[in-house]
Every structure is written in structure tokens, then in C-alpha cells.
Amino acid sequence: MGILDSKVPSGPLADKWTKHKNEIDLVNPANKRNIDIIMVGTGLAGASAAATLAELGYNVKTFCYQDSPRRAHSIAAQGGINAAKNYQGDGDSPYRLFYDTIKGGDYRSREANVYRLAEESVNIIDQCVAQGVPFAREYGGLLDNRSFGGVLVSRTFYAKGQTGQQLLLGAYAAMNRQINRGKIKSYTRHEMLDVVVVDGKARGIIARDLITGEIERHSAHAVVIASGGYGNVFYLSTNAMGSNVTAAWRVHKRGAFFANPCFTQIHPTCIPVSGDHQSKLTLMSESLRNDGRIWVPAKAEDAQAIREGKLRPTKIPEEDRDYFLERRYPAFGNLVPRDVASRAAKERCDAGFGVNKTGEAVYLDFAAAIQRYGSEKALTSGIKDPDQATITKLGEEVIAAKYGNLFQMYEKIVDENPYKTPMMIYPAVHYTMGGLWVDYNLQTTIPGCFSTGEANFSDHGANRLGASALMQGLADGYFVLPYTIGNYLSDDIRTGPISTDSEAFDKVEAEVRANLEKLLNAKGKNPVDYYHKKLGKIMWNKCGMSRNARELKEAIEEISALREDFYQNVRIPGGLDEVNPELEKAGRVADFLELGELFAKDALERNESCGGHFREEYQTPEGEALRDDKNFRYVAAWEYKGAPKDAKLHKEDLVFENVELKTRSYK
Ligand SMILES: Cc1cc2nc3c(=O)[nH]c(=O)nc-3n(C[C@H](O)[C@H](O)[C@H](O)COP(=O)(O)OP(=O)(O)OC[C@H]3O[C@@H](n4cnc5c(N)ncnc54)[C@H](O)[C@@H]3O)c2cc1C
């Protein structure tokens, strides 16, 4: 297998993880006290891992660029977290979660990792409940569940529309306990700008203190990258404004392979773009698809009248509405996976049925759910012969209890009452399935450099199912990495502290400083955002929801030219030794400008459609993604060789022994 050895343990699927845990080397508690670990990122993946590693006895240094771990992008997660608890008695099991995830990812993920994820999912809920995470409960006090796309069971645990926030508070509290014990040293407002490899092993990082501007050296026996996803390569996305690829990309440039960069998730239910002034898009959680029905007018003239402001959607009778997901996918209906729902919405809008001024919006309608819940509530409340107004009022109360904060958010942004008028939604960039290639132990191709959470590529294949990013981040952090990293560190018990006073640190620090100075010295005329917006437009138009060879080739040329222009003409006010947000942004955009090109190259190389990667040349007569298992059943892992055009492709063949490779159907 050479350098792409996935290190998947042998044996039956269901026994692999237990067997692995039983066989890997451990570090004894006294030796753990002599071992240092750097954790870059304190979102859900990094915070959970840092807290657990420190609890085990390791010395952990955490880094984040925000002023508190509590501000990580993870806090934005709304809808929920999956776990195969089968609390609903609806036939769920770890195998079913595993199967749904493999199928959801369009058979482009590694079986063993996904099975482990499904197994560990049940432990996450217990762990978080023990921390005091206030998951929603049913009337009887048991934890409640709802459904997310691509599954036929209810396995999503949630805390209203603020699941990420509550989970992060739990993980952060666990971190704080260790900060208090002196086992975690937390570096906030610090940005990792490079990894230091000593004798072939990751032994530290170079970070910039974002307040003083000081460039610092930090050493450790292992480095973990938990720096989140890179959806902001598209400029407009649902990600936090600061989300970026820098940590992962700099590690890539030092030898870590970057896997499946073109696998991006476009989420179907976001508030549509309203104009060029925007710098951020807002998600309307997938949980809304439990109750909301997605539709457009069945008649093009009605759609046009709506766009012109001459017709209200509430005036369109049932028979003139096209509930296109229910029509095309009767088995899964509005809960098809995100890639399928996004493409279907685009198809309707491209055909002229879009409903907002730009023609790029479809409706998400709660009227039927309000009536259904209202009637039920009237019945259970003993109200005889309720009138329409009572039913509507009761139904709206039920909807408010379930999704109130999301409805409020929508109303504040769009200035329309979604209880009375259907929401308008359109797909937007949301999550990146690609990331640092890792083996079963979550180790990258640089020994001693690990990666967890959205920053790695590990579990979601070509499309991630909803509510499974939190599951992956927390499974990695609480239950996987703390064991697997020990296997690696068991060789380091006699190493002693790693000095930062070495040639390797000198060299990397000098390079980091030179890169920053190069940016500052450009003294051009264009602000950083000028380039970021241009890159985003190329990405969205040519590498977005659908792709073709011609446009991908154009994108590669255009991004390369834009990158050249950036280094000539970018203008960064201020200096190095001070708070300088433009300099921070410039570094991140510089990396996006390289990643963007590799992204397009990866999409061009993958001559098939799978999950979120839709190549127009490869589709079924019904417009569904057409995989090519014979030629593309692999993870594309790219090795850095200088310019993105020179990146070298390595392939990890995906072996399916426990699921049958089938055409993915949600009909
Ligand atoms: C609006 C929204 C809603 C979502 N809802 C859900 C949901 O309901 N369920 C679900 O499963 N998933 C959801 N997701 C996806 C999920 O939130 C993310 O995938 C997940 O939170 C990522 O966690 P993470 O820990 O990997 O990264 P992040 O939370 O992004 O954390 C990254 C960390 O890395 C740090 N960092 C980054 N670069 C550097 C650097 N160079 N130096 C130092 N520190 C660095 C940051 O400071 C931060 O601490 C949602 C995503 C969005 C955008």
C-alpha cells in the first residue's frame, strides 16, 4: 500500500475498533505527564480532544484565533447530532447508521472509519448528557429525536436550534477543568502559521500572537489539526467569517496529503443571496425539513408573477404547487440528502420556476404542519370543534416551540413572517467533506501530525448527511484520537521535552516571517476582500453545484492568474507587530487561492458524479449523479509539489466488503 496505508485493522467490521483498542500500545499515566500535545483548534473536535487528552494526563497546549474557544464556528451548529440509540424504537442500529452514512456519501468513504463512528455515536450522547448538555426532552422526560436527510429513522438529538452551542459549552467546560488543573494551556487569539517537522516528525508549530503580532515557537511530541472546514474558499458560505484552510494547508505544504478537495456540501435550505454587498449566508437548519414542505409554483406564469411582486404564494392553490422533492423522491420526500435536494432546487430555478427577485429561491412551507399540529393539540387539549383561528394559533405555538429561534432569525433577516408566508430558501456552500488525508488512527502522512473534525476528510465521502459533523467531531475528540494518538506517543516516552532552539524551528520561523513580510510589502491597490470575492465567484460559477470539464479548466487558469495578481497588487495597511486583521485575512486568502486551484484540479480529474460532486457530463437521464465505481472508487489524496498544478495524485482504493455498491436511490 506504500505511503497511503490506511491502517485499517483486520477482522470483521464490527470487531475492528475493539480489536484495535485492545492491541494498540498504551502510554502509562506517569509517562503521559512527560508528553506534550499541541491542539490547533478548539471547536467541538479540538475542545473535546484537548479536554480528554488532558484528563488522561497529557500536557496540552490549545490554540485558536478567536478570543475564546467558545467562539469557534461549531457554536453555529443548529439542528442536531446523530446517534444510533434507537430511542424511538424505529429500527435504528449502529449498522443502519453506518449504512446510511456510506450510502449518503455515495460510496466514497472508508467503511471501517464509518462503522467506528456509528459505534461511538451512542457514547457521545451519554458523555454530553453527563456534562449537562440540555438536549431536548419529550413530555415523559426522555431525550427527544428528530429526522435529518437521507435516513428513514429519527436519530437526531438536539437542543432547540442551538445544538452546537450547547455541545460546545459542554466541551469548553471540560476544557476549563483542565485549564484550571494546569493540564491545558490555552492560547487564544493565536494563529498557527506553520508546522515544524523535525527528523520527519511533527514537533511543533509557529504561531502568531494576533494581539502583539509576535511570532512564537511552540513544541510538542505531536500536533493535532482541528481547524475546521474551508467552505469560505467560496467567499459566500454559511461558515463563520473566520473559517479558513490555513492550518490544514500549511501542514499540506509540509507533507500532509490533502484528500478529495472538491467534495463540498451545498446545503439546500439557506436564506438566498440578496446582492453583492453580502459577506455571509445564513443557514435555515435541515431540521426544518421535518415539517416544512418544499415547493415552487407548477405554472411558470405564477412563478413570474411572484417574482414581479404581483402574486403572493399563499394565493396559489394546492393543485398549482409543485412539491418537487415529494414528487421525485416519494420514499424520502423532503428529507432526501442535501446534495439531492440542492440539485433539485437548482433544476427548478434554472427551468424558470424560482420565486424571488433573482429567480433563485424555492419555498419552505409550514402551513400544513401548523394545521396538523394545531388539530392534534386541540384534540389533546380537549378543545371540541375548534375554529380555524384556534387551530392555527395552537399549531404555530407547536412550531415555535420546535424551531422558534430559527423562525425569529429568518424574520429578522428577510423581514417576513414565516408562520404566515412560506420561507424562501436556496442552496449555499456549507461544509467541506474534503480535508487532510488521515489513516484509521487519524494520523496524516506526516508522522506525529493528526487531524480531527471537519479539517480531516475521514467519514463523509462525497456528501455528508445532516447532523453527522458534530457526531464525527465529538467521536474523534472524545473517543478515537485519545486512544490512537497514544499508540504513536508510546514511542516518545523517553524523548524528553522538545527544544524550540533548533535549526528546524529557525528555518520555519524565518519562512513564516518572510511570507508575512512579502504580503505587507506588496503595497498594491486592492484590499484583500477584492480577491476573496473574485475567487468566490470563480468557485461558485465554475466549481459549484454543477461542474464541467471546460469550466473547471477555465477556473484553474483564472485562479492561477488571480493569485499572481494578488501578490502584485494586494494592499495591506498596518504592520506586522500589531493587531492587523487585514494581514490575518491576507494569509488566509493566499491559502484559499492555492487550495481553490487544487480543488478545481481535483474536480476535473474525477470524471464521474458522486454526492456533492456533480459533473454535468456524468448524469443519468433523470439528472441524477452517475458514479463510475470501476475507475473512481478511491480517495484522491494530493501531495504538495509546489504550484497546485504540479500536485501529485495518490489513490486510496476504497474496499466495500459490508455494503453492496448500488446506485444511490432515494425514490
Ligand atoms: C450554520 C451551520 C450549522 C450547522 N449545523 C450543524 C448541525 O446541526 N449538525 C451537525 O452535525 N453539523 C452542523 N454543522 C457543521 C458543524 O458545525 C461543523 O462541521 C463543526 O462544528 C466543525 O467543528 P470543528 O471543531 O471541526 O471546527 P470549528 O468549529 O470550525 O473550529 C475550528 C477551530 O480551529 C481554530 N483555528 C482554525 N485555524 C486556525 C489556525 N490557523 N490557528 C489557530 N487556530 C485555528 C479556530 O479558532 C477554531 O477554534 C453546521 C455548520 C454550519 C455552518
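This one's a predicted model, so the numbers in the text were calculated from it and none came from an experiment. (Residues numbered from 1 in each chain as written. Predicted model: local features only at pLDDT ≥ 70, side-chain atom pairs only at ≥ 80, totals over all residues. Heavy atoms only, no water.)

Residues in close proximity to the ligand total 38 residues, the closest being Gln-66, Ser-74, Gly-79, Met-192 and Glu-454. Backbone polar atom of Gln-78 to a nitrogen atom of the ligand: 3.1 Å apart, as the coordinates give it. Protein contact buries 97% of the 1,000 Å² of open area that the ligand shows by itself. Of all the secondary structure elements, the ones that give two or more residues to the shell around the ligand are α3 (44-56), β6 (190-198), β15 (423-432) and α13 (469-489). Broken down by element, the residue count for the shell around the ligand peaks at 3 residues, all from β6. A per-class count over the shell around the ligand returns 17 nonpolar, 18 polar and 3 charged. (Near = heavy atom within 4 Å. Polar contact = N/O pair within 3.5 Å; in protein donor to acceptor, adjacent residues only side chain to side chain. Areas by Shrake-Rupley, 256 points an atom, 1.4 Å probe, with all protein chains shown as cover. Helix = DSSP H or I, 4+ residues; strand = E, 2+ residues; numbered from the N terminus. Nonpolar A, V, L, I, M, F, W, Y, C, P; charged D, E, K, R; others polar.)

Attention now goes to the pattern of salt bridges. In the structure shown here, the tally under the stated rule is 56 salt bridges. Note that Lys-507 and Glu-511 form a salt bridge whose closest N and O atoms lie 3.1 Å from each other. Taken together, the positions of Lys-507 and Glu-511, both in helix α14 (residues 503-521) and 4 residues apart, correspond to about one turn of that helix. We classify Glu-511 as partly exposed; its relative accessible area is 29%. Residues joined by salt bridges that share partners form a network here, namely Asp-106, Arg-108, Asp-339, Arg-343, Arg-606, Glu-608, Arg-627, Asp-629 and Arg-664. (Salt bridge = Lys/Arg side-chain N within 4 Å of Asp/Glu carboxyl O. Buried < 20%, exposed > 50% of the residue type's maximum accessible area, 1.4 Å probe, protein only.)

Turning our attention to the packing of aromatic side chains. The final tally for this structure, using the stated rule, is 27 aromatic pairs. Here Phe-407 and Tyr-419 contribute two aromatic rings whose centre-to-centre distance is 4.6 Å and whose plane-to-plane angle is 40 degrees, an arrangement assigned as tilted. In this pair, Phe-407 is assigned in helix α12 (residues 388-414) and Tyr-419 in the loop between α12 and β15, connecting sequence segments 12 residues apart. The class of Phe-407 is buried, set by a relative accessible area of 1%. Put simply, the rings of Tyr-95, Phe-98, Tyr-99 and Tyr-115 pair up and form one aromatic cluster. It is Arg-293 that lies over the ring of Tyr-323; its NZ or CZ is 3.8 Å from the centre. Above the plane of the ring of Tyr-567 lies Lys-518, whose end atom (NZ or CZ) is 4.3 Å from the centre. (Phe/Tyr/Trp six-rings, centres within 6.5 Å; stacked < 30°, edge-to-face > 60°. Lys NZ or Arg CZ within 6 Å of the ring centre and 35° of its normal.)

Read from one edge of the open sheet, 5 strands run β11-β15-β14-β12-β13, paired in antiparallel fashion. The sheet terminates laterally at β11 (264-270) and β13 (321-322), the two strands that pair on one side only. Two elements, strand β12 (residues 293-297) and strand β14 (residues 362-365), share 3 bridges in a ladder whose sense is antiparallel. In the strand pairing of β14, Arg-293 is matched with Asp-365. (Pairing = 2+ DSSP bridges.)

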